[in-house]
Amino acid sequence: MTYIKKPAVRHPGSQRNEVGLTRHDYEGSMSTLCAGCGHDSVTAAITRAFFELSIEPYRVAKLSGIGCSAKTPTYFLGEAHGLNAVHGRMPSVTTGASAANRDLVCIGISGDGDSLSIGLGQLSHGLRRNVNMLYVLENNGVYGLTKGQFSASADVGSKAKGGKVNIQPPIDPVLLALNLGATFVARSFSGDKEQLVPLLKAGLAHKGLALIDVISPCVTFNDHEGSTKSYLYTRQQRQDVAPIDFVPLRSEIETQIEGGSVRHVRMHDGSIVRIRKIDGAHDTSDRAAAYGYVQERQAAGEVLTGLFFLDETSVDMHDRHGTTDVPLSQLPFGSLCPGSEALTELQKELR
Amino acid sequence: MTYIKKPAVRHPGSQRNEVGLTRHDYEGSMSTLCAGCGHDSVTAAITRAFFELSIEPYRVAKLSGIGCSAKTPTYFLGEAHGLNAVHGRMPSVTTGASAANRDLVCIGISGDGDSLSIGLGQLSHGLRRNVNMLYVLENNGVYGLTKGQFSASADVGSKAKGGKVNIQPPIDPVLLALNLGATFVARSFSGDKEQLVPLLKAGLAHKGLALIDVISPCVTFNDHEGSTKSYLYTRQQRQDVAPIDFVPLRSEIETQIEGGSVRHVRMHDGSIVRIRKIDGAHDTSDRAAAYGYVQERQAAGEVLTGLFFLDETSVDMHDRHGTTDVPLSQLPFGSLCPGSEALTELQKELR
Amino acid sequence: MREPTVDRTNDFAFKIATVNGTGSASANGLIMQAIFRMGIPISGKNLFPSNIQGMPTWYEIRVNREGYTARTPRFDLMIAMNPATYARDIAEVCSGGWVVHDSSWPLGEDMGREDISFLGIPLGQMCVEQFTGSRERILMKNIAYVGALAALIDVDTDVVRTMMEEKFSRKPALVKSNYRALELGYDYAKDNFECPLPIRLEPMSATDDSIIIDGNMAAALGCVYAGATVGAWYPITPSTSLMDSFVQFCERFRVDPETGKKNFFIAQAEDELSAAGIIIGAGWAGARAFTPTSGPGISLMSEFIGFAYYAEIPTVFFNVQRTGPSTGMPTRTQQGDLLLTAYASHGDTKHIVLFPADPAECFSLSVAAFDLADRFQTPVFVLSDLDIGMNDWVSPRLEWDDAYRPDRGKVLGPAELENIENFYRYVDSDGDGIAARTLPGTHPKGSYFTRGSGHDQFGVYTEDGPQYQEVVDRIARKIQSSAMAAPAPLFDLQNESAAAPVGLVTVGGCDGAVREALALLRAEGQELDYMRIRAFPFAPAVSEFLESHEKCYVIEQNRDGQLRTMLALETGVPAERLVAILDYGGTPLSADTITRVLSRSPGDQPAGPPLVEVRS
Amino acid sequence: MREPTVDRTNDFAFKIATVNGTGSASANGLIMQAIFRMGIPISGKNLFPSNIQGMPTWYEIRVNREGYTARTPRFDLMIAMNPATYARDIAEVCSGGWVVHDSSWPLGEDMGREDISFLGIPLGQMCVEQFTGSRERILMKNIAYVGALAALIDVDTDVVRTMMEEKFSRKPALVKSNYRALELGYDYAKDNFECPLPIRLEPMSATDDSIIIDGNMAAALGCVYAGATVGAWYPITPSTSLMDSFVQFCERFRVDPETGKKNFFIAQAEDELSAAGIIIGAGWAGARAFTPTSGPGISLMSEFIGFAYYAEIPTVFFNVQRTGPSTGMPTRTQQGDLLLTAYASHGDTKHIVLFPADPAECFSLSVAAFDLADRFQTPVFVLSDLDIGMNDWVSPRLEWDDAYRPDRGKVLGPAELENIENFYRYVDSDGDGIAARTLPGTHPKGSYFTRGSGHDQFGVYTEDGPQYQEVVDRIARKIQSSAMAAPAPLFDLQNESAAAPVGLVTVGGCDGAVREALALLRAEGQELDYMRIRAFPFAPAVSEFLESHEKCYVIEQNRDGQLRTMLALETGVPAERLVAILDYGGTPLSADTITRVLSRSPGDQPAGPPLVEVRS
Ligand SMILES: Cc1ncc(C[n+]2csc(CCOP(=O)(O)OP(=O)(O)O)c2C)c(N)n1
Ligand SMILES: Cc1ncc(C[n+]2csc(CCOP(=O)(O)OP(=O)(O)O)c2C)c(N)n1
Ligand code: SF4
Ligand code: SF4
Ligand SMILES: [Mg+2]
Ligand SMILES: [Mg+2]
């Protein structure tokens, strides 16, 4: 079923997508984050990605844990069901929601504290299960909401606002995900919508868990010099690998292709991801190469962004499990309850 | 202080180590594991490693979580304090014990369920903290104690006793540890004392967290064909990388060196690890190379064992933190309590 | 000493002491099943170690023609197959009783027990002679003691042989060796002892309408029949077999025969926190979802439980209790998690808890749990225990009413949403304390934001006291009102018209032992009423019972009298009128524990281990 | 309406409504501190959002010459700086009161409040004229309202200026602009309004021996003075500042001046489970170790808490409570975790809990907590809350007795071990329920195995009922016996010789409000006794108090009457004699809540928000 909202007033000039909705229909309530917070840029990119993909908001389930980042699902897709779980446990709740209704378009938003400290186990095992979801990790190197302690993604030597210096080696979610068998691994920067929006769209089209690590500076606690998660550092040290275009199923494939070698990857829903190779060095289908490349550039002080790895043969949680096509939550009771006769039969064996 | 136990009866011929103890003094109570369980072989190797290093048992703290593997600390070093924590939480308790008393020789025993499922976060963050401990992961691909469910290290397609087939990609603790910045990463096989004992000794001498992943077959639930954690598979598919000798501080360095290229690594306590390179391909000081090599051989179906990575510059938790040299638990109260005068002074600022 | 004149036919108990992992479990099951098939009321209690191989293990069987099959600690016969526990096993035999032991190698002593008879059988030696290979020899020794037992107490060997044929229908060689081993023991006993002993069996027809089932299997069946589609778990004794059974039933009943696709989803989670998260997500998205666990799991799930309570998400938790605290004794039973489960999580919380007494109730209360969870939009706990969950029980055949339809509670679907102005998640429009919910993915008008942080009745984030209170006050009313909808307490009253002076109150698996004690005490002339509580929050009938009795004995299996605590707390009945009889050593309750306290002729009562604590 | 004849000097309350993250917090602190330095009893309550920037925030100040400084919901003056909350802020002003607002842009309305006076000051406009850059303009607007307030209520501007000099001693430019902003507001008010208002300040000397401190800082200081060396934590509001303070104190007092080496170890753990594990490991190895957390953390630590209880490992947990359940309102206060903390974890457990009422007790009870933990070898909880922990309190100067030596309990060192035959961990040799422990790494004879699984008194693994019971029974006795060693309840009795008919009972931070209500009610002629409980398990004096009063009102800040529950449960006093007065909207308790229920002339009582619930 498709419900198309028909707003009373049509803003002149407000563009409509294939399901007749405007960008405004993909917004949520007003952000209460700090002015300039990277997370708000991610929200804007998410809004645009859903709009451009013409996904009806009510088909979406947006989930998060606790943190500034975790607050953002209220700021987009006001007409989608949302859920703020407890801290660090978004992956398991999303697993359950997706288990119950495989038709849900699941997007999970998390922070680096939420995903790499308290939630490291859930992120890792969510990746292993290959839950069909887009996992956006809004990575700022600190616990924003509790006022700026180091998170597990803070770099060694990075300074907190109070002057404390981090002494623990960081966890890079991209390397971790590659290590744990993730089927879609990318990184972007909150400030770069041109890169982020297509990545989000590709992630939504991916069947399985698409992890996008988004460097999203915390202007209040971690946007000073010496922080590798600052606007400045990211702008200076960023290196793009394999930029992509995303062509939704229903769009005509544009004929004009930009220079450089381009690879087309067909997603499960039929849409196309076009991966442009900058220097021919990176092959998004080679997990080991992706790991090596990210690690190498990191050692050189660069922040590599782009799509690192995409498993075109990804089999998601439900398909691995062999779940039926109808969402479990919608199966009629008759198809679930074996009934009294079966019970009688069964009990013959219990004597 | 050193307490040397003087047994009443001297078994003729029972060899004594530098602190005058026999192998028997390093034993614990009788194992209650299944006959043939890989974990018992690990116990025997641990007993030997401590004996050969002449560490007085009472200086050791042996900790574990819950599982068949977690039971083993009762089977060695009967004169050491031991602790069975709750399931999956050995790393944090060991962190605390080591925090309180940095002189303790800490050994933590865990299983693949204990460390890679429920305890994945604790293992990972214990690694990041570089707690000064030897971490032995007795890896059998199953939950032994709860009767053979797949653990997170079970390979895709491996069959459980009941016939169920695993569909989740495995976590390799070696790759994970390399990824997370571990300072000592090795793998061995419970059946190979010649390799395991020197690795254990090197791990004990390492300052920081030494992770040894020991393939330790579960004869009851996971030693059949098709299990990559079986005796058979491991024996057939094993490939040694960089075998080592370990020369404790107090031993004379043997002059006779076996063929092949040998690298000497001096540990923090002055003892020496001699790393023999088989094919010259592996450099134990190169984390990225170690990762790549393990991953490559794994893809070829081989189980690589040996010492993969050793950070000679490892700075352990206490040194990073700058903790005082005297164990905190032994500091006199006078050095801890600022006293009434300081309180009066301080309170002048609180007006 | 037992009086010799008492007829012990179909009224005795025996115990089999063996070593874990040697195949004795299936031999013991064979005995249990054979006696069951002979139509005699029977129970089997497996006291197994938290170990895979090599540690002592026991199996206790009680037959009772009147149907009292709660555990008894008094054994007429011991099959003492484990040298390591020989001394303590011998000590447990009643005066006048018998010991069967393996005389292949001399155990030497009678342990000072001249009041019991020792029946030595060279089981090991016979098996060495008759069988080859250590594996077969060990396994067949078990069957040989079954044979001896058959001769000694008149187990129908035809029944046993039939069972062997059924079990090994595809392995005729195995049937043959089993036959042979059975005969070995049987013949030796017949030839050397006066068979049968006074404790002996005689066929009845008391179990014709019964089955053998454990509570975990029955609970799993309840989940299947209630239409649960999502299960998540992390293995933990003694709950593991609940999910194992669910898997098996789903593979049998829930796989599309054509496509092979599955009408269910099961996740072996990485830990209990994740298992809780999965079922909460599934409940939120509209599936009936559950997790089986035990005490440590509930502790770990505590944060999530509070979330589901406050965000009002239906979920079902099975807590198959084991002996606590902490890791405790994982293979021993207890009722130690009553308080925890009722009030789990920080802040003001209170949960619906159901207390099955046996496998049949594990089945029916599972179904009730899903209905209550959906109706009251809250976590519901089914509090079973190791004894109920893992031991084989003779149970009346389970019944199913095909007219049953799940109560999914107030869920607004697309059609309803189409017709309303606005949907507000936490507005209680009809005053019953329950607000309607919607499922994600169904309709644009149904969207709302679910949160464990402060929210007002519209579901909007709030830090405002009165708005916050409006919601938590309604939730408190809602949970309290469940008391009228949940399974009512069951009573056995001396007299319908007037209350007896004393009441016995219990919960869960204590039922059998308390009913047996009740009969014994009433036979002594005592006037007693009985109430078994089946749900928390307590129904008004619970307070009424407590108030109408001068004194109530609250019988439960924990150290601190947790049920008594909850009763005092929630009903306001003065605690001094509630006397706790506590048994918490880890074994299933026996009637002795109660009669030792309450019998007027305690001299007649057998002395027992100091397992009972009376507190008032 | 306030009677105009009443002298309001040093007896009034005002509230400042601003926006989070705009620098108002330090301006408000300035006011609080200045009035404190004027020697006047004062309290400041910060009602801040769970947000970093942009949401409404309030600061409430009450001055009271008699020292009653519990929160009051009746404000004589509102400094209404936040347009977003203007309407509701105005509504909170008492009849006859005043509103200071920024008249730079018209807010238009008086919100129908003709009974109050509006004092418009063009704060924004003045700051735009006088300062440059938006940052400075925003910050200085805060100082400008401080200036206006100084004129209106007679804050001593010299005191304020001195504080500015102290604060910005290294940034003279800042001192200058602060001076200027202060004058801007001050002069405008002097020039345009009749200053001072009837609500005004007059220097006193009531705070000369006092300090300003929050409970978290005081608790941290307690940890330092008690000799705690290991702290582990995971950040969570409102406990975070406890560890922040501990870090600061350690860096000041615990760093070797020569080597720079640290006599402490602090771990920011990856989550609360790990924090609990770390302090358990440290406690086991002989350090005094603690973790600060809040409700969700305790839920997550539940499994570990049961482990420490059963394995008998000393540890100290600070639970700085916030409004539950679940994430609840993280920046609002509550006493919602009493039950959870007292009985945390599965199985039979019971824990020692201490209840500080204010920062001074946060200091002293922290020290007591470490002593009790060591002596009873068990987790001890210090149950503070957001109001105590994070608000600035005027506190009597903290005292320290240099003769204090930590009670490390029964720990056998090398010398003792050398001289004994055998060491057995859980043998209670002197009958006090406490067995001696040893520390790892000290002596070969001291070794034992610590486990959360079943163990006998020798520390050996067991699955045997009586052996298991011996240990858990002793633990129960041990915990119960702590009641005599823990901080005793405090009383304020009408009459030492005979009990009053009615008692007021409370716990923790309710103290101030209840004492104020007590004075008011006694002034009405009511006979009332007062008891404040400071520890659980309850001392015999607690039961005695309850028993000797016909009726007790139990005043606490949660929905379900958790203290009342625990009292009924543990003392056996009939619940009907305990009437709960409950306030759980998230703000600190005020005396009104109590007098509204208990005053004989309730007509005189101001109507308040429906924050109070009376349950019996
Ligand atoms: C169980 C629990 N522990 C701690 C907290 C406190 N807490 C809230 S958010 C947060 C960290 C947030 O960091 P991150 O996930 O990086 O999000 P950010 O605010 O930086 O976007 C913490 C520790 C909590 N809410 N629950
Ligand atoms: C909180 C909790 N959950 C579950 C269990 C049950 N449990 C005990 S051991 C174990 C798994 C053990 O597997 P592993 O660590 O691989 O050890 P192994 O027995 O294979 O050596 C589980 C799930 C438990 N003790 N505690
Ligand atoms: S504190 Fe940091 S992460 Fe949080 S809203 Fe502000 S800028 Fe964003
Ligand atoms: S079950 Fe497996 S892991 Fe456990 S003791 Fe037996 S062989 Fe070892
Ligand atoms: Mg962050
Ligand atoms: Mg294992």
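Use the structure listed above.
Below: a short report on this structure.

Criteria and cut-off values
- Residues numbered from 1 in each chain as written.
- Chains lettered and ligands numbered in written order.
- Predicted model: local features only at pLDDT ≥ 70, side-chain atom pairs only at ≥ 80, totals over all residues.
- Heavy atoms only, no water.
- Donors = N, O, S within 2.8 Å, 3.2 Å for Na, K, Ca; no water.
- Buried < 20%, exposed > 50% of the residue type's maximum accessible area, 1.4 Å probe, protein only.
- Near = heavy atom within 4 Å.
- Nonpolar A, V, L, I, M, F, W, Y, C, P; charged D, E, K, R; others polar.
- Contact = heavy atoms within 4.5 Å.
- Buried area = accessible area lost by both parts, 1.4 Å probe.
- Salt bridge = Lys/Arg side-chain N within 4 Å of Asp/Glu carboxyl O.
- Polar contact = N/O pair within 3.5 Å; in protein donor to acceptor, adjacent residues only side chain to side chain.
- Helix = DSSP H or I, 4+ residues; strand = E, 2+ residues; numbered from the N terminus.
- Areas by Shrake-Rupley, 256 points an atom, 1.4 Å probe, with all protein chains shown as cover.

1. Observations concerning the coordination of the magnesium ion (ligand 5)
Residues and elements named next belong to chain A.
Step number 1: Bound to the magnesium ion (ligand 5) on the protein side are Asp-112 (OD), Asn-140 (OD1) and Val-142 (O), at distances that span 2.0 to 2.1 Å.
Step number 2: Read N to C, the donor residues that coordinate the magnesium ion (ligand 5) are spaced as D-x27-N-x1-V. Note on accessibility: Asn-140 and Val-142 belong to one class, buried.

2. Points about the site of ligand 4
Step number 1: Around ligand 4, the structure places B:Leu33, B:Cys34, B:Cys37, B:His39, B:Cys68, B:Asn140, B:Cys218, B:Val219, B:Thr220, B:Phe221 and C:Ile52.
Step number 2: Mapping the residues near ligand 4 onto chains gives chains B and C.
Step number 3: When its residues are assigned to classes, the shell around ligand 4 shows eight nonpolar, three polar and no charged.

3. Re the interface of chain D and chain C
Step number 1: Each side of the interface is counted separately: chain D has 65 residues, and chain C has 66 residues.
Step number 2: The junction of chain D with chain C conceals about 5300 Å² of combined surface from both sides, 56% of it contributed by carbon and sulfur atoms.
Step number 3: Run the count over chain D and chain C and you get four salt bridges.
Step number 4: Close ionic contact of C:Arg332 with D:Glu463 constitutes a salt bridge, the shortest N to O distance being 3.8 Å.
Step number 5: Put simply, chain D and chain C have 36 residue pairs in polar contact (both at pLDDT 80 or more) between them.
Step number 6: Of all the secondary-structure elements, those providing two or more residues to the side of chain D that touches chain C are helix H10 (295-311), helix H11 (338-343), helix H15 (465-481) and helix H18 (562-571) of chain D.
Step number 7: Of all the elements, H10(D) adds the most residues to the side of chain D that touches chain C, at 10 residues.
Step number 8: When grouped by side-chain class, the residues that make up the side of chain D that touches chain C number 25 nonpolar, 28 polar and 12 charged.

4. Thoughts on the coordination of the magnesium ion (ligand 6)
Residue and element names in this part refer to chain B.
Step number 1: For the magnesium ion (ligand 6), the full set of protein donor atoms is Asp-112 (OD), Asn-140 (OD1) and Val-142 (O), and the range of their distances to it is 2.0 to 2.1 Å.
Step number 2: Expressed as a motif, the donor residue spacing for the magnesium ion (ligand 6) is D-x27-N-x1-V.
Step number 3: Residue Asn-140 is classed as buried on the basis of its relative accessible area, which comes to 4%.

5. Let's talk about the site of ligand 1
Step number 1: Around ligand 1, a shell composed of 23 residues is seen, among which A:Ser69, A:Asp112, A:Asp114, A:Gly144 and D:Glu272 lie nearest.
Step number 2: Looking at the residues close to ligand 1, they fall on chains A, C and D.
Step number 3: A:Gly113 places a polar main-chain atom, nitrogen or oxygen, 2.8 Å from an oxygen atom of ligand 1.
Step number 4: Within the contact set of ligand 1, an oxygen atom lies 3.0 Å away from a side-chain nitrogen or oxygen of A:Asn140.
Step number 5: Taken by itself ligand 1 offers 580 Å² of open surface, and the protein chains cover 98% of this.
Step number 6: Listed by contribution, the elements that provide at least two residues to the shell around ligand 1 are helix H2 (68-71), helix H4 (112-117) and strand S5 (142-143) of chain A together with H10 of chain D.
Step number 7: Looking at the shell around ligand 1 element by element, the count peaks at three residues for H4(A).

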